[in-house]
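Close look at the chain arrangement
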Amino acid sequence: MELEMENTLAHCSYKSEHEIRACVTSGEDMVSFITKAMGSKLTVYSTPLSVMESATVVDIVKVASRGRKVASCHNMKFPSLLFSCHMSATSELMQVSLKSTDGHTTTRPAICHMDTSYWNPSHIAFQVLNLEPGKGSVCHWFPENSFIFVES
């Protein structure tokens, strides 16, 4: 737990010229950060709590293209409530429809980071995808208990 707390505190203290970031400790602070960064005309998405072990992608719909404000807030590992919120103008939001092997369908939000040129070269995504910073986009699901905000 001590190492997770240290990692979370390092994450929260990191400053970036490429995204607007904040760590917040309440729903009120989250709303304040998001409305200050994006305004009040927003569409909000959240992640489902259930996780599918095996599924097939059946449809992908682009919700927000590059240049449209997209921010996310996701729960951090910490003994008390702590969300990391961040916004980048170089991301695209997708809604991905999945069908599990038992026939159950669900829709999950996914984010594609289109500009990775400023990312740390040792980021795990580059190792997994065999990429280098700026040589491709990185897409991922949002973790459980996340909120995604898109300017309307």
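Residues numbered from 1 in each chain as written. Predicted model: local features only at pLDDT ≥ 70, side-chain atom pairs only at ≥ 80, totals over all residues. Heavy atoms only, no water.

A look at the pattern of salt bridges
The cut-off we apply is this: For this analysis, a salt bridge means a side-chain nitrogen from Lys or Arg found within 4 Å of a carboxyl oxygen belonging to Asp or Glu. Partly exposed residues are those whose accessible area sits between 20% and 50% of the maximum for their type, while under 20% is buried and over 50% is exposed, using a 1.4 Å probe and protein chains only.
Following the criterion strictly, the structure yields three salt bridges and no others. Between glutamate 19 and arginine 21 there is a salt bridge whose closest N-O contact spans 2.8 Å. For glutamate 19, a relative accessible area of 17% puts it in the buried group.

Some words on the pairing of strand β5 (residues 83-88)
Using the following cut-off: By definition, any uninterrupted DSSP run of H or I lasting at least four residues is a helix, any uninterrupted run of E lasting at least two residues is a strand, and each is numbered from the N terminus. Two strands are counted as paired when DSSP detects at least two bridges linking them.
Counted residue by residue, β5 has six buried out of six residues, so it is predominantly covered. Burial along β5 is two-sided: the face carrying Phe83, Cys85 and Met87 and the face carrying Ser84, His86 and Ser88 are both buried. Pairing analysis gives five bridges linking strand β1 (residues 20-24) to β5, with the strands arranged antiparallel. Each residue of the ladder has a partner; that of isoleucine 20, found in β5, is methionine 87. For strand β4 (residues 70-75) and β5, the ladder comprises six bridges, and the chain directions are antiparallel. Bridge pairing in β5 links asparagine 75 to phenylalanine 83.

A word on the sheet that holds strand β9 (residues 146-151)
Condition: Here an axis means a line fitted to C-alpha atoms, over the contact stretch when the element is a helix, while the angle between two N-to-C directions is reported on a 0 to 180 degree scale.
Read from one edge of the open sheet, five strands run β1-β5-β4-β9-β2, paired in antiparallel fashion. Every other strand in the sheet has two partners, leaving β1 and β2 (42-46) as the edge strands with one partner each. Across this sheet, the average inter-strand angle for adjacent strands is 15°, counted without regard to direction.

Regarding empty space enclosed by the protein
Under the convention used in this document: Grid points spaced at 1 Å and placed over the protein atoms alone form the basis of the search, with a cavity being a set where a 1.4 Å probe fits but cannot get out and a pocket an open set showing protein on both sides within 12 Å along at least five of seven lines. Lining residues have an atom within 4 Å of a point. Grid points are joined across faces, edges and corners, and a volume is the space filled by probe spheres set on the points. Think of it as three bins: nonpolar holds Ala, Val, Leu, Ile, Met, Phe, Trp, Tyr, Cys and Pro, charged holds Asp, Glu, Lys and Arg, and polar takes everything else, Gly as well.
Applying the stated criterion across every chain, the model contains one cavity of 30 Å³ or more. Of the voids in this model, the largest cavity is the one considered here, and its volume is about 80 Å³. Around the largest cavity sit Glu19, Val70, Ala71, Ser72, His86, Met87, Ser88, Ser91, Ile111, His113, His140 and Phe142, which together line it. Those elements that place two or more of their residues in the lining of the largest cavity are β4, β5 and β7 (105-113). Per-class residue counts for the lining of the largest cavity are five nonpolar, six polar and one charged.

Notes on the layout of surface pockets
The volume enclosed by the largest pocket comes to roughly 670 Å³. Looking at the lining of the largest pocket, the elements with two or more residues in it are β4 and β8 (138-141). When residues in the lining of the largest pocket are grouped by element, the largest group, three residues, is from β8. Along the lines of polarity and charge, the residues of the lining of the largest pocket split into eight nonpolar, nine polar and two charged. By volume, the second largest pocket is sized at about 160 Å³. Lining the second largest pocket are Glu4, Asn7, Thr8, His74, Asn75, Met76, Lys77, Phe78 and Ser80.

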